[in-house]
Each structure stands twice: as C-alpha cells, then as structure tokens.
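# Structure assessment
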Amino acid sequence: MNSQLLLEAREYEKIYSEQIQPSERPVFHITPWVGWLNDPNGFSTYKGEYHLFYQYYPYDVNWGPMHWGHVKSKDFIKWERLPVAIGPDMDYDVTGCFSGSAIELPDGRQLLMYTGVKGIDNTPSCRQTQCLAFGDGIDYEKYEGNPVLTVKNLPEGNSPRDFRDPKIWYDKKDERYYAVVGNRTADDSGAILMFESKDVLNWEYVTTLDSCKNEYGKMWECPDFFEINGKAFILTSPQEMRAKGLEFHNGNDVICLVGSYERETHAFTRENVIPVDFGLDFYAPQTLETEDGRRIMIGWMQAWETTRFHPHQYQWMGQLTFPRELSEKEGKLIQNPVREIANYRENGVLCEGLKIVEKTEIPGVSGRVVDMTVEVHPSLIEDLYEEFKINIAENEEYSTSIIYHPHKNLVEFNRENSGYRLNVVHTRKAPVRDQDGKIKFRIILDRFSAEVFINDGEQVMSACFYTPLEAEGISFEAKGETWIDVEKYDIVIK
Ligand code: FRU
C-alpha cells in the first residue's frame, strides 16, 4: 500500500512536470521530473532493464526531505520516467530517504537499500540507519523489520549520525550479500564499513575496508566497491576536502582508492588514491555491472556550492552525468561514454588535417547536443604551439572553453563567460600525458553541460553551464600552429 505522502508526491510530479518544456531540459541526461535532484541511487539491472533512482524533492528546486525519483532504460540513453518510488513516510525515515542502492532478488522482487534519516543533520539525536524496501519495479513496500542496520551494528566509537549510503551487491562465490556503507569514525573523519548478510534481512559487520584518518576530507559519502582486471576500486565522495595540487579540490570531491582485495579475509590494501573527475561538477558516483560484464558509472553532475543558482527559472534543478564505461589501465581508472550513444549519432561531419592558426569554424560543426572528437597533432615539434583552444556554446556574447597548454601538459576548462551569475569557481585544470603536443578530446555536449574525455578517457572534466541555447557555435584556435582532425555528430533522440 502506498502511503498518502507518496500518492501526493506522485500526483504532484505528474501535474507540475507538465509545466517544464522539453526544450528547457538536456536531451539525454537525466533531470528530475520536477523539482530537485542530487545523487544517483539504485543504479542496477532489473528484469533486463537498467533502473536508476535519484535523490529527489519534487516540491522545490532546493534540497528538501528526500524521496527517490525513478527512471528506467534499455540502453542508458533513452530513459522512461516512472512514478516516485519511496518517500519519507515512516518514523525511521521521516527526515528523508537518503542515498542507497538496489538489486534484483532471486524471487523476482527488486530490493532497495537506503538510508533512513530521523532528526536534523548534526544534532545529537539525529540517527541514520539502513533500511529496505521491496518492489516490482514501480511500487515498493518498506520492510516491517526496518531498520536493518543501526548503531548496534557499528564498531565502538563510530557515529550513528553519519552512517549512510549503502551499496549492496550479491557475491555468487560466497553466496552472500555484501554492502559497503559510509560512516564517521571516532577521529571525526570517514570510513567505509562492509557488512554481510545471507538473506538481506539480517546483517553483520565484517570489516572497515578503508578509512580516511583525516587525510582525504572528513566524512566519506556514497561508497562503491568493485574489481576490474583483478584490481580493487573503492569510490567515495569526501566532504570538507582540502585541495592538493590539481588532484583534489576544496569542498566535496570524489576519490578512488585503488588496491588489492583478499576475498577470504575481506582485507583491502590501499596502493593509491586517485581523482575521478577534474571538472567543476561531479559528485556521488555509483556503478553497476551489465550482463556483458561492463562496469558503468553515473554521477551527480553538480557541485553543492552552486546549487543556489537556478538558471532561467527552470522548475528542475540538478542532472546526472552521462553513463561511463570504466576500465583499468596501469592501476588507473579509464572512463569513456557508454558505447550505446553511437546508435544516436546523426549528421556526421568529418574534417581531417585542418591547419589551425587563427580562430576557425568548420561548416556543420556547431550545436549544443553533440558528440565530437578532436585530435590535435602538431607539425613542428621543435616549434611547438603555445596553446590550443576549443570554444563551445559560443556566440558574440558567450563562450565556454577547453584550453590545452602543451608546454605545461595541462588542460583547462573555463566557463567564466558562459553566463553563470555566481561568484564561484569557474575554471579547473587537469594534468595530462606529455605527447609532444598531441592530444585527443571527446566532448559530449547536452545543452547545459560538457563532459570532456581526454586521451581516450585517461582524464575527464565534467561541468554544467547555462548559456542561452542560441549560443551554439563551436570554434578552434591556436597560439602558434597545429593541425586537427574533427569528427562531429549531433545526438538525436526520437
Ligand atoms: C551526498 C549526500 C549523501 C546523502 C544524500 C542526501 O550528496 O549527502 O551522503 O545520502 O546526499 O540527499
């Protein structure tokens, strides 16, 4: 039985989403049906389709008591909206249904595992617990035994107020369910706790997979844990980070702990800590594994600090990244857009061996819903160009730029002139491999965002900008001289 609260939310989203014109949204990136969205949740396969939930408050374009919005897809590109899945309608989740995950159970039901919050953030009585809801892909029943993980399951001294964002999976070999959950430890910083269960209802603490020790921010939110090529990866989103070189920036950031995992003892040995996205808007990513064995990641494409900027009075706020295929190379995480996007490419323009000296536009290369690859290959290694620049979302008034400095091995993303009316950070830099001025960019544009995949996914920079849509120019510039190949497609979703 759906609660009154949920039925009202369903009614509300149906009515008020009508007021948002399709032209006010990105074309293939997920936005809330109406109102607010933050983290992706429950990214998983159910009955052969990809399901995705998101932190959702339909009634405002600001964060509020969290519900779970819901969409599904057969191919990560075309998403179908489903009614809001759960809302804060129980005593143990009255303040909000915070982030979590989902899986398909052997009996055909879909299980949601989420954080129930009771009490205001950071007050002594606030409690965060892990809860379950069972459903059929549309309607969900919260488990009568909720919550299933509470302060009782925590090691001595760990905080019951910061205990959230369970990521569940089933391990066939062990015939067990596991979940990793973010938690605050006695030293006031984050940790990733691992729990196990035979039946999803009864859970036990296994180990602390890794902990922050005040080195990478404070509380660690939204953990995920998976292996690729025998390497173990933990994704987590630290709060209150302090900048470190170009690798990590201040505030909420995302890190990847790379190491090895020993199945018998559940011991994770950390070898490295690496950044995940060098852009301005990326947080709280989550992954799933597809049937053909690909590890796909999706994140919230937004920084908390800029959420009070509500462009153009749109009645939606927040979007997710484009889903990315992850792979491993030399202990690093490589990210590329999911391959399914190739099915939606139209109006291809191929331009090879174009010399760039001054500002150049290419006939047919423009637009705001675009998949474009640009390969730069200099002719004069001894007299290497100073700078190469791609301008997007450009007209006389606006532009956003991706600038490559070959002498410094840096790529800079700059949205200062994108029309962003907020006194916040608008540029960020990524260190890239030294290849004597050679570099490859793949840029996914979807109206209000750009995701820049550098050198086949070695680095990624994601950022939102809200430039008016009539600014759809794309141009190329160099200080000095270089040559480029450009392959550009419009992405068309019918
Ligand atoms: C991360 C986060 C999660 C929490 C959710 C609340 O962005 O703070 O830790 O579950 O957002 O909306």
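Attention in this report is confined to the structure presented alongside it. (Residues numbered from 1 in each chain as written. Predicted model: local features only at pLDDT ≥ 70, side-chain atom pairs only at ≥ 80, totals over all residues. Heavy atoms only, no water.)

### Structural notes on the site of the ligand
Using the following cut-off: For each residue, the test is whether any non-hydrogen atom lies within 4 Å of the molecule or strand; if one does, the residue is near. What qualifies as a polar contact is a pair of N or O atoms within 3.5 Å, subject to a donor-acceptor requirement within protein and to the restriction that residues adjacent in sequence count only when both atoms come from side chains. Accessibility throughout is a Shrake-Rupley quantity obtained with a 1.4 Å probe, and a residue counts as covered only by protein chains that appear here. Going along the chain from the N terminus, every DSSP run of H or I of four or more residues is numbered as a helix, and every run of E of two or more is numbered as a strand.
Contacts to the ligand come from Asn38, Asp39, Gln55, Trp63, Met66, Phe98, Ser99, Arg164, Asp165, Glu221, Tyr283 and Trp304. Between the ligand and Ser99, the relevant distance is 3.0 Å, taken from an oxygen atom to a main-chain nitrogen or oxygen of the residue. Within the contact set of the ligand, an oxygen atom lies 2.6 Å away from a side-chain nitrogen or oxygen of Asp165. Surface burial for the ligand is 95%, taken as the share of its 320 Å² of free accessible area covered by protein chains. Every element with two or more residues in the shell around the ligand is listed here: β1 (35-46), β5 (96-104) and β9 (163-171).

### Observations regarding the side chain of Ser401
Our working definition: We call two residues in contact when some of their heavy atoms are within 4.5 Å.
Structurally, the position occupied by Ser401 is in strand β25 (residues 400-405). A distance of 2.9 Å separates a polar atom in the side chain of Ser401 from a polar atom in the side chain of Asn391. In this view, Ser401 contacts Lys389, Ile390, Asn391, Glu412, Phe413 and Asn414; residues no more than four positions away in its chain are not counted.

### What to know about unusual backbone geometry
Following Asn146, the chain continues into Pro147 via a peptide bond in cis, with omega recorded as -10°. Tracing the backbone shows Pro147 in the loop between β8 (140-142) and β9. For Val200, which is not a glycine, the phi torsion comes out positive at approximately 65°. Checked against the element boundaries, Val200 lands in the loop between β11 (190-197) and β12 (204-211).

### Here's the deal with the side chain of Glu221
For Glu221, the position within the fold is in strand β13 (residues 220-228). Engagement of the side chain of Glu221 in a polar contact is seen with the side chain of Tyr283, the distance being 2.6 Å. Residues contacting Glu221, with those up to four places away along its chain left out, are Arg164, Asp165, Thr236, Ser237, Gln239, Asn252 and Tyr283.

### Details of the pattern of salt bridges
To keep it simple, the criterion reads: For this document, the term salt bridge refers to a Lys or Arg side-chain nitrogen within 4 Å of an Asp or Glu carboxyl oxygen. Here the term buried applies to any residue with accessible area under 20% of the maximum for its type, exposed to any over 50%, and partly exposed to those in between, with areas from a 1.4 Å probe on protein chains only.
All chains considered together, the criterion is met by 37 salt bridges. Across the salt bridge formed by Arg10 and Asp139, the nearest N and O atoms sit 2.7 Å from each other. Note that Arg10 is positioned in helix α1 (residues 4-17) and Asp139 in the loop between β7 (127-135) and β8, a separation of 129 residues in sequence. Among the residues examined, Arg10 registers a relative accessible area of 12% and is labelled buried. Three or more residues joined by partner-sharing salt bridges are found here, namely Asp162, Arg164, Arg184, Asp188, Lys218 and Glu221.

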